[in-house]
Amino acid sequence: MRLLTHNMLSSNIKGVTNGFPLRIEVEKVVEKSVDFNPDFLKNMFAKIEYKALVEASRIMGYAELPDHAEPSMLESDDFLRKFHHALMELHLEEGTLVCPETGRRFPVNKGVPNMLLHEDEV
Amino acid sequence: MAVRQASLGGVDVDLETKTNVEKLKRGIAEFYDESSGIWEDIWGDHMHHGFYDPNSTISLSDHRAAQVRMIEEALKFASVPEDPMKKPKSIVDVGCGIGGSSQYLARKYGTECTGITLSPVQAERARALAAAQGLENKVSFEVADALNQPFPDGKFDLVWSMESGEHMPEKAKFVNELARVAAPGARIIIVTWCHRNLSSSEQSLNPDENKLLDKICDAYYLPTWCSTDDYVKLLQSLSLQDIKAADWSEYVAPFWPAVIRSALTWKGITSLILSGWKTIKGAMVMPLMMKGYKKGLIKFAIITCRKPE
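Values in this document were obtained by computation on a predicted structure and should not be read as measured data.

Draft legend 1. Region of the structure containing the overall build of chain B. On a plain count of helices and strands, chain B comes out with 13 helices and 7 strands. Taken across its 309 residues, chain B has 59% of its residues classed as buried. Long-range contacts, defined as pairs at least 24 residues apart, comprise 79% of the intrachain contacts of chain B with a sequence gap of at least 6. Accessible surface, chain B as shown: approximately 12,800 Å² in total, 55% of it carbon and sulfur.

If you want it as structure tokens, here you go:
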């Protein structure tokens, strides 16, 4: 699971008002090289929750991403590459995503999160 | 009447229904865990009908092109923009199978697509296939429930459901979720199996029709069917715009005979024997699908709409 995916997942357990972002517990992180695509990144910047990405990348072991970002920073190759690395190249292979409100744990196995809810959670 | 309403999700869902829904979801996951491999082996990564010119004769090799054409025709029907400024930038594939549509859409629009399926086997396979195609950075997959999508509101510019709607036990909830995760201005595309529309004097299908559908439901882990009109009404109730619906049954007619023929090849038969009872049962029910289409009972429907800005 890349952090791009993590950035779009939320816990929709019944009664939860803010299930985003899911807290990450790491068991295995894998870094995978991905082609650098500035246009794609610029499109994605507008759609993601940047703060959640920064927090998640730190937990995954990458501390280079600046705390705050403005769209103007997308013109900087340096920032774009850090953004690219955090968003696209850090994979959670094994671990857990945790609902920020209820503490409910969603497993991630072989890079695939299992977000199925139990009967009493819907 | 109560059964049809329950399938639409129009009455409060009681405990018995909830348990049945859980059983159904498990059945669906297990069915695809077991059958995905054999389908992929013979038919490839698109687990949906092909779109054919009516009365054409096709060979097995043309079917993949027809499956791709189905995707393109659906996008065209929904008027999904191709202009670089207006094309979808985020896509969700609801009931993604092994990711055939996800891969195609991500490649076509050059953007990211995420797919959800109840089957862990399919999600894992989808991930592997995408990686093999170099699309690992553009497509992702999660094990999740279409009736409780793990996404915040308004996330996706294109909400895609290609032949998964027929598995959804509470149609109202299903459509609600599709609308919820759609961004303002997003297009929602549902391609699904429906039963014929009821006339104004009818409360339900006749008993013979229900009997035929029940047999199919049992083999394919389908809940009670609804009609194309039912979908349109649900979309209207959510104030979605540009609602369009069509019956594409004539364009998919060659599909089931072709699937049956592929099952009867040496490869088909041996694969079925090795796969498992759920898959074999699914294969045995295929002639009933043909019968349903021939009788005008089963319809291959497309329903699309746009979420207001």
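Following the structure, the description resumes.
Draft legend 2. Region of the structure containing the overall build of chain A. Across its full length, chain A carries 4 helices and 4 strands. Listing the helices and strands of chain A from first to last along the sequence gives α-β-α-α-α-β-β-β. Along the longest, intermediate and shortest principal axes, the C-alpha atoms of chain A span 50 × 30 × 20 Å. The 122 residues of chain A split such that 50% are buried.

Draft legend 3. Broad picture of unusual backbone geometry. Residue Pro21 of chain A follows Phe20 of chain A across a cis peptide bond; omega there is -5 degrees. On the secondary structure map, Pro21 of chain A appears in the loop between α1 (3-6) and β1 (23-31). Positioned with a positive phi, Lys110 of chain A is a non-glycine residue whose angle comes to about 50 degrees. Its place among the elements puts Lys110 of chain A in the loop between β3 (105-109) and β4 (112-113). The phi angle at Asp242 of chain B is positive, at roughly 50 degrees, despite the residue not being glycine.

Draft legend 4. Representation of the sheet that holds β4 of chain A in the model. Residue and element names in this part refer to chain A. The 4 strands are arranged β1-β2-β3-β4 in an open sheet whose pairing can be described as antiparallel. Edge positions in the sheet fall to β1 and β4, since each of these pairs with one other strand and no more. Summarising the sheet, strand β2 (residues 90-98) and β3 pair through 4 bridges and their orientation is antiparallel. Residue pairing for β3: Val98 is matched across the bridge by Arg105. Contacts from helix α4 (residues 77-89) reach β1 and β2, with the element oriented near 60 degrees to β2.

Draft legend 5. The arrangement of the pattern of salt bridges in detail. Evaluated as defined, the whole model comprises 30 salt bridges over all chains. A salt bridge links Arg69 of chain B to Asp53 of chain B; the shortest N-O distance between them is 3.3 Å. With Arg69 of chain B in helix α3 (residues 62-77) and Asp53 of chain B in the loop between α2 (15-43) and α3, this pair connects stretches of sequence that are 16 residues apart. In this structure Arg69 of chain B comes out as partly exposed when scored by relative accessible area, which is 31%. Residues joined in a network through salt bridges with shared partners are Lys32 and Glu93 of chain A together with Arg127 and Glu136 of chain B.

Draft legend 6. Spatial organisation of the sheet that holds strand β6 (residues 241-247) of chain B. Residue and element names in this part refer to chain B. What the 7 strands build is an open sheet, ordered β3-β2-β1-β4-β5-β7-β6; its pairing is mixed. Both outer strands of the open sheet, β3 (139-143) and β6, are each paired with one neighbouring strand and no more. Shown here is a sheet whose adjacent strand axes are inclined to one another by a mean of 15 degrees, direction ignored. Relative to strand β7 (residues 298-306), β6 runs antiparallel, the two sharing 5 bridges. By the bridge assignment, Ala246 is partnered in β7 with Ile302. Along the sheet face, helix α4 (residues 100-109) touches β1 (90-94), β2 (112-117), β3 and β4 (156-162) and points at about 145 degrees away from the line of β4. In the packing of helix α6 (residues 171-181) onto the sheet, the strands contacted are β1, β4 and β5 (182-195), and the crossing angle to β5 comes to about 155 degrees.

Draft legend 7. Looking closely at a nonpolar patch on the surface. A contiguous nonpolar surface patch, about 320 Å² in accessible area, is contributed by Leu264, Ile269 and Ile273 of chain B. Inspection of the secondary structure assignment puts Ile269 of chain B in helix α11 (residues 266-275).

Draft legend 8. Region of interest: the UniProt feature "domain: Methyltransferase type" (unreviewed entry) in chain B. Per the UniProt record, "domain: Methyltransferase type" (unreviewed entry) is found at residues 92-190 of chain B. In the segment residues 92-190 of chain B, helix accounts for 34% and strand for 30%; the C-alpha atoms at its two ends are 12 Å apart.

Draft legend 9. Quick peek at the interface of chain A and chain B. Across the boundary between the two partners, chain A contributes 28 residues, which contact 33 residues of chain B. In total, about 2,500 Å² of surface goes out of reach between chain A and chain B, with carbon and sulfur atoms giving 55% of it. Taken together, the links from chain A to chain B amount to 3 salt bridges. Here Lys47 of chain A and Asp157 of chain B are joined by a salt bridge, their closest N and O atoms 3.5 Å apart. Our count for the contact surface shared by chain A and chain B stands at 12 residue pairs in polar contact (both at pLDDT 80 or more). For the side of chain A that touches chain B, the secondary-structure elements that each account for two or more residues are α1, α2 (38-47), β2 and β4 of chain A. Partitioned by chemical class, the residues of the side of chain A that touches chain B number 13 nonpolar, 9 polar and 6 charged.

Draft legend 10. Here's a closer look at the packing of aromatic side chains. Per the stated rule, a full pass over the model turns up 17 aromatic pairs over all chains. Relative to Phe83 of chain A, the ring of Phe45 of chain A has its centre 5.6 Å away and its plane inclined at 75 degrees; by these criteria the two rings are edge-to-face. Pair noted here: Phe45 of chain A is in helix α2 and Phe83 of chain A is in helix α4, with a separation of 38 residues, a long-range link. Like Phe45 of chain A, the residue Phe83 of chain A is buried in the burial classification. Seen in terms of ring centroids, Phe51 of chain B and Trp248 of chain B are 5.0 Å apart; in terms of plane orientation they differ by 80 degrees. Their pairing is edge-to-face. Taken together, the residues Phe51 of chain B in the loop between α2 and α3 and Trp248 of chain B in the loop between β6 and α9 (249-252) connect sequence positions 197 residues apart. Given the relative accessible area of 7%, Trp248 of chain B is considered buried. Among the aromatic residues, those joined into a ring-pair cluster are Phe31, Tyr32, Trp193, Tyr220, Tyr221, Trp225, Phe255 and Trp256 of chain B. One residue, Lys138 of chain B, lies across the ring of Phe40 of chain A, its end atom 5.2 Å from the ring centre. Its guanidinium or amino end placed over the ring of Phe77 of chain B, Lys244 of chain B lies 4.1 Å from that ring's centre, counting from NZ or CZ.

What counts as what
- Residues numbered from 1 in each chain as written.
- Chains lettered and ligands numbered in written order.
- Predicted model: local features only at pLDDT ≥ 70, side-chain atom pairs only at ≥ 80, totals over all residues.
- Heavy atoms only, no water.
- Helix = DSSP H or I, 4+ residues; strand = E, 2+ residues; numbered from the N terminus.
- Buried < 20%, exposed > 50% of the residue type's maximum accessible area, 1.4 Å probe, protein only.
- Contact = heavy atoms within 4.5 Å.
- Areas by Shrake-Rupley, 256 points an atom, 1.4 Å probe, with all protein chains shown as cover.
- Pairing = 2+ DSSP bridges.
- Axes fitted to C-alpha atoms, helices over the stretch in contact; angles between N-to-C directions.
- Salt bridge = Lys/Arg side-chain N within 4 Å of Asp/Glu carboxyl O.
- Patch = residues over 30% accessible without salt bridge, like charges linked within 9 Å, V, L, I, M, F, W, Y side chains within 5 Å.
- UniProt positions renumbered as here; feature names shortened; annotations may be inferred.
- Buried area = accessible area lost by both parts, 1.4 Å probe.
- Polar contact = N/O pair within 3.5 Å; in protein donor to acceptor, adjacent residues only side chain to side chain.
- Nonpolar A, V, L, I, M, F, W, Y, C, P; charged D, E, K, R; others polar.
- Phe/Tyr/Trp six-rings, centres within 6.5 Å; stacked < 30°, edge-to-face > 60°.
- Lys NZ or Arg CZ within 6 Å of the ring centre and 35° of its normal.

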